[in-house]
Amino acid sequence: MADGPLMPRRRDMHPVPFDPDYKTSISRSPRWPLLSMESTPSEETGPRFGASLLGPLDNNLIMNYSADGSPAIGERILMHGRVLDEMGRPVPETLIEIWQANAGGRYRHVKDGYLAPLDPNFGGCGRTITDAEGRYQFLTIRPGAYPWPNRANDWRPMHIHISVFGHAFGQRLITQMYFEGDPLIARCPIAATIKDRGQLERLVAPLDMSHARPLDFLAYKFDIVLRGRRQTMFENKPEGM
Amino acid sequence: MVQPLDTLIETPSQTAGPYVHIGCIPSFAGVEGVYPQDLGTSPIAEGAQGQIITITGSIYDGTGWALRDAMIEAWQADAAGRFPGQDGADPAVSGFCRFAADKDSGLFTLRTVKPGATPARGGAVQAPHISLWIVARGINIGLQTRIYFGDEDNSNDPLLSRIEQRPRAETLIAKPDGEGQYRFDIRLQGDGETVFLDL
Ligand SMILES: [Fe+2]
């Protein structure tokens, strides 16, 4: 069995690019159709990152910005899951990066001026590389909800931003993880850019007490599926064979 | 009833938002000290084979305003047309670069080596190009496009050949602008809208 082209993206399973309720998308969404083609080596190859990239605290957002050894403020959580492809195969050795607001809903970013305070011991970014079974873990704090300028009173639900590489540039994905039970998800115009309800639910991480550590942290599970590659006995044959 | 399929569906995208830099280019956000350096600051190291080139441009929204908060990733082959990881690829070419539009001017700059032509399925040859992936607030799923070069023979490129409206193909071609310099602007919407890809 040979690895063939990437499976075409199912655009109806993704957010719509143009959504008037998310105002910034109005001027930043293309009007003309995308040019759809079978993937080429340019999309089927991609950057690879080894474990040598990682420092010991890279996946520990509670401690990786600590100035004096004090932990970040907030509800301590383990975020964990697996990265798979559409064929159900684990995606090992792929880089995952996350970023998030602190427990008060404030980002450590030159452009964030929300009145919630910065936490001197929280930077808000982390990264890790999946193991041989595609598993990953982060230790962090639960981010706060925050208001944002869109409609008159829009608030983002609690969320963690996630970037995944896969093994091919055409698998590149950025998404967001939401938290089970957050009433702001149903009111969020960014979450609502995903029109398929089942797909939106896949971004909502369930509380996972099987991975919580007593007297220490709660856990949330978040699995990620990247594009797969067609696998048949008929790939890479001259046309018509 | 039929048998269930055993394939999964890709996780849906969400916008990278205005603070994408915290996670991807922390020094741009003002977050220092978590990592020794940002990832993908250059696609080439000392000693990379081939012609060093610099590509400059902006990303414009539908009103003509240059985005100040976008993040761009580039991926390319080396000067001989080999992708990093392939046999014989130039060890000084990582091929991957991450950069942000400047927060004041909206200008971006990519310094790299000019890639070679690359083979594709069925004996086709792709003209030299750099693949781009663009994310920002207001972009709900990352936008794929390519930079081709105005001083190369692009006439047989399989992707450019698929663009029905010939003037639109020009949106993927960087304009030579002095020795080793190119200009490549990206228009998300409106007049001269860039061709974005689904492949
Ligand atoms: Fe956010």
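What counts, and at which threshold
- Numbering of residues starts from 1 in every chain and runs along the sequence as written.
- Chains carry letters from A onward and ligands carry numbers from 1 onward, assigned in written order.
- This being a predicted model, a pLDDT of at least 70 is required before a residue's local features are given, and a value of 80 or more before pairs of side-chain atoms are given or counted; all residues contribute to the totals for chains, interfaces and linings.
- To get the side-chain values, all heavy atoms of the structure are used, and hydrogens and water are removed first.
- By the criteria applied, helices consist of DSSP H or I runs no shorter than four residues and strands consist of E runs no shorter than two, each listed in order from the N terminus.
- The atom set for the radius of gyration is the C-alpha atoms, and the globule formula is 2.2 Å times the number of residues raised to the power 0.38.
- Should any heavy atoms of two residues lie within 4.5 Å, those residues are considered in contact.
- Residue burial considers only the protein chains on display, and all accessible areas are found by Shrake-Rupley using a 1.4 Å probe.
- In this tally Asp and Glu are treated as negative and Lys and Arg as positive; neither His nor the chain ends contributes.
- Charged side chains are reduced to one point each, which is NZ for Lys, CZ for Arg, CG for Asp and CD for Glu.
- Buried area is understood as the total, over both parts, of accessible area removed when two parts are fitted together, assessed with a 1.4 Å probe.
- What makes a salt bridge here is a side-chain nitrogen of Lys or Arg within 4 Å of a carboxyl oxygen of Asp or Glu, nothing more.
- Polar contacts, as counted here, are pairs of nitrogen or oxygen atoms within 3.5 Å of one another; within protein the pair requires one atom able to donate a hydrogen and one able to accept it, and residues that are adjacent in sequence qualify only if both atoms are side-chain atoms.
- Note that Gly is not counted as nonpolar here; it falls among the polar residues with everything else outside the nonpolar set of Ala, Val, Leu, Ile, Met, Phe, Trp, Tyr, Cys and Pro and the charged set of Asp, Glu, Lys and Arg.
- Partly exposed residues are those whose accessible area sits between 20% and 50% of the maximum for their type, while under 20% is buried and over 50% is exposed, using a 1.4 Å probe and protein chains only.
- Each pair of strands is called paired provided DSSP finds at least two bridges between the two strands.
- Per-residue confidence from the predictor is given as pLDDT, running between 0 and 100.

A tally of regular secondary structure across chain A gives three helices and 14 strands. Relative to its length of 241 residues, chain A is compact, with a C-alpha radius of gyration of 20 Å against a globular reference of 18 Å. Viewed in the frame of its principal axes, chain A has a C-alpha envelope of about 65 × 40 × 35 Å. Here the contacts in chain A between residues at least 6 apart in sequence split such that 71% fall between residues at least 24 apart. As displayed, chain A has an accessible area near 10700 Å², and 58% of this comes from carbon and sulfur atoms. Each charge class in chain A was averaged separately, 29 positive and 28 negative side chains, and the resulting centres sit 4 Å apart.

Of regular secondary structure, chain B possesses four helices and twelve strands. Along the first, second and third principal axes, the C-alpha set of chain B runs to 60 × 45 × 40 Å. Long-range pairs, those at least 24 residues apart, make up 66% of the contacts in chain B with a sequence separation of at least 6. Measuring between centres, the 15 positive side-chain charges of chain B sit 2 Å from its 25 negative side-chain charges.

In this section: the interface of chain A and chain B. At the interface, 84 residues of chain A touch 73 residues of chain B. Of all residues in chain A, the largest losses of buried area upon contact with chain B belong to Arg28(A), Leu35(A) and Phe169(A), amounting jointly to 12% of the total for that side. Counting across the interface, chain A meets chain B through seven salt bridges. In this assembly, chain A and chain B are joined by 49 residue pairs in polar contact (both at pLDDT 80 or more). A class-by-class count of the residues in the side of chain A that touches chain B yields 38 nonpolar, 25 polar and 21 charged.

All names here are of chain B. Among the six residues that make up strand S2 (residues 71-76), six are buried, leaving the element largely enclosed by the rest of the structure. Side chains Met 71, Glu 73 and Trp 75 of S2 all project onto a buried face; the interleaved residues Ile 72, Ala 74 and Gln 76 project onto the opposite face, where all are buried too. Where S2 lies against strand S3 (residues 96-100), five bridges are found, and the strand directions are antiparallel. If you follow Trp 75 over to S3, its bridge partner there is Phe 96. The pairing of S2 with strand S7 (residues 130-135) spans six bridges and is classified as antiparallel.

Here the focus is the confidence of the model for chain B. A residue-level look at chain B finds 100% of positions with pLDDT of 70 or above and a mean pLDDT of 97. Two summary scores accompany this predicted model of the complex, namely pTM at 0.97 and ipTM at 0.97.

All names here are of chain A. Counting buried residues in strand S6 (residues 135-141) gives five out of seven residues, a clear majority hidden from the surface. The pairing of strand S3 (residues 76-85) with S6 spans seven bridges and is classified as antiparallel. Counted as the bridge partner of Ile 77 is Thr 140 from S6.

Residue and element names in this part refer to chain A. The strand order across the open sheet built from five strands is S5-S4-S9-S10-S11, with neighbouring strands paired in mixed fashion. Since the sheet does not close on itself, it has two edges, and those belong to strand S5 (125-129) and strand S11 (204-205), each with one partner. In this structure, strand S9 (residues 159-164) lies alongside strand S10 (residues 173-179), joined through six bridges in antiparallel fashion. Within the sheet, the bridge partner assigned to Ile 160 lies in S10 and is Met 177.

Position of Asp38(B) relative to the elements: it lies in the loop between helix H2 (26-29) and strand S1 (52-60). One buried charged side chain, Asp38(B), makes no salt bridge at all; its nearest oppositely charged neighbour is Arg127(A), positioned 7.6 Å away. A polar atom in the side chain of Asp38(B) sits 2.5 Å from the side chain of Ser27(B). Not counting chain neighbours up to four residues away, the residues in contact with Asp38(B) comprise Ile25(B), Pro26(B), Ser27(B) and Phe28(B).

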